[in-house]
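Each chain, letter by letter, is given below.
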Amino acid sequence: MGEVCLRTEDLSVGYNGKPLIRQIALRLRRGEIVTLIGPNGAGKSTILKSIIRQLDLVHGAVYLDGRDMAGLTERDVSLSMSVLMTAHVRPELMTCFDVAATGRYPYTGRLGILTREDREKVYQCLALVHAADLAGADFSRISDGQRQRVLLARAICQQPELILLDEPTSFLDIKGKAELLAILKSLARDKKMAVILSLHELELAQKVSDKVVCVSAAGVSDVMTPEEAFARENICKIYALTDEQYAFLYSAEKAPEEKRPLFE
């Protein structure tokens, strides 16, 4: 893997100055996918929102390319990190090209005027996520799966070292989930981008992740290998499953750690 592009130091996150989760130790390298898993309400989104400065840190620091993010401007951050959050984005009267092109604004100056090179970059990024044929389509009239691909193209247009995604598969059918995660796998492997995301679907997380961080009522785990994270004992612990519940979930198929990877 490549050099470290994001790390946290003695990080605590929460709301109104009250810590929800303490001692978060993340380290993300270029070319690597790190996935946060854990039950609803455990704090996965809180961690990600704190990293991108939507929420104030309760304690500690986040370092982007070795620089404390507290001292970086929005433009500084956007040149290194792009973000794709869960909330629906439904801009009015914008084509898919227009939406993807907003990712070039860190490079276009105050007026936001696209050069020929900028426009070429937008088309390249749409093609990279298999959405070139959507360039002229009304963004508000395409499917959720297509919308996620266009938003991912916007994120890639920033030319980041790191992409952060919060539950990017939440509104997608199984085909959309597979397509989106395969694209992320390709970005990490071929473009050497770092990817950090949260997922609810354990079988998908197991297939796409290089490293896993477990977030539960007990706190946040160290960075784990998929084999460690998806072991029966760990899954039962973080989701508070009984042996009977685990057996019910996996009696008709192999347990997560035994499944063959989908993304080659």
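As a starting point, this report considers the structure included with it. (Residues numbered from 1 in each chain as written. Predicted model: local features only at pLDDT ≥ 70, side-chain atom pairs only at ≥ 80, totals over all residues. Heavy atoms only, no water.)

One finds Ile-37 and Leu-152 to be the most contacted residues of the largest nonpolar core, which totals 50 residues. Apart from the residues lying within four places of it in its own chain, the contact partners of Ile-37 are Lys-44, Leu-199, Leu-202, Ala-205, Val-212, Val-213, Cys-214, Val-215, Phe-230, Ile-235, Ile-238 and Tyr-239. Formed by 29 residues, the second largest nonpolar core is a distinct cluster that contains Leu-36, Met-85, Leu-164 and Ile-196. (Core = buried A, V, L, I, M, F, W, Y, C linked by side-chain atoms within 4.5 Å. Buried < 20%, exposed > 50% of the residue type's maximum accessible area, 1.4 Å probe, protein only. Contact = heavy atoms within 4.5 Å.)

We now examine the sheet that holds strand β4 (residues 33–37). With mixed pairing, six strands are arranged side by side in an open sheet as β7-β8-β9-β4-β10-β11. Each edge of the open sheet carries a strand with a single partner, namely β7 (81–84) and β11 (219–220). The strands touched by helix α1 (residues 44–51) within the sheet are β4, β7, β8 (162–166), β9 (194–198), β10 (211–216) and β11, with β8 carrying the most contacts at an inclination of about 145 degrees. The strands that helix α6 (residues 144–157) touches are β7 and β8; relative to β7, the one it contacts most, it runs at about 165 degrees. (Pairing = 2+ DSSP bridges. Helix = DSSP H or I, 4+ residues; strand = E, 2+ residues; numbered from the N terminus. Axes fitted to C-alpha atoms, helices over the stretch in contact; angles between N-to-C directions.)

What follows deals with unusual backbone geometry. A positive phi angle, close to 55 degrees, is found at Asp-65, a residue other than glycine. Along the chain, Asp-65 falls in the loop between β5 (59–64) and β6 (67–68). Of the residues examined, Asp-65 reaches a relative accessible area of 28% and is grouped as partly exposed. We note that Ala-240 has phi near 55 degrees; this positive angle belongs to a residue other than glycine. Among the secondary structure elements, Ala-240 is positioned in the loop between α10 (232–238) and α11 (243–250). Residue class for Ala-240 comes out exposed when judged on its relative accessible area of 62%.

Moving on to empty space enclosed by the protein. If you walk through the whole model with that rule in mind, you get two cavities of 30 Å³ or more. There is about 30 Å³ of room inside the second largest cavity. As for the second largest cavity, its lining consists of Gly-145, Gln-148, Arg-149, Leu-172, Gly-176, Glu-179 and Leu-180. If you list the elements that add at least two residues to the lining of the second largest cavity, you get α6 and α7 (174–190). (1 Å grid on protein atoms, 1.4 Å probe; cavity = no way out; pocket = protein on both sides within 12 Å on 5 of 7 lines; lining within 4 Å. Points joined across faces, edges and corners; volume = space filled by probe spheres on them.)

Counted by the stated rule, this structure contains zero disulfides. The closest cysteine sulfur to the non-disulfide-bonded Cys-214 is located on Cys-236, 12 Å from its own sulfur. Given the relative accessible area of 11%, Cys-236 is considered buried. (Disulfide = S-S within 2.5 Å.)

Among the structural elements, Thr-108 can be located in helix α4 (residues 105–108). In this structure, the C-alpha to C-alpha distance between Thr-108 and Asp-118, residues ten residues apart in sequence, is 8.2 Å. Residues in contact with Thr-108, not counting those within four places in the same chain, are Ile-113, Leu-114 and Asp-118.

All right, on to the layout of surface pockets then. Space inside the largest pocket adds up to approximately 390 Å³. Around the largest pocket sit 20 residues that line it, and Met-81, Ser-82, Val-83, Arg-154 and Gln-158 are the ones nearest its centre. If you list the elements that add at least two residues to the lining of the largest pocket, you get α2 (74–80), β7 and α6. Its residues assigned to classes, the lining of the largest pocket shows eleven nonpolar, six polar and three charged. Considering the residues around the second largest pocket, the lining is formed by 15 residues, among which Ser-216, Ala-218, Gly-219, Val-220 and Ser-221 are closest to the centre. Only β2 (18–24), β10, β11 and α10 provide two or more residues apiece to the lining of the second largest pocket. Its residues assigned to classes, the lining of the second largest pocket comprises eight nonpolar, five polar and two charged. (Nonpolar A, V, L, I, M, F, W, Y, C, P; charged D, E, K, R; others polar.)

These values are about where atoms sit, not about what they do.
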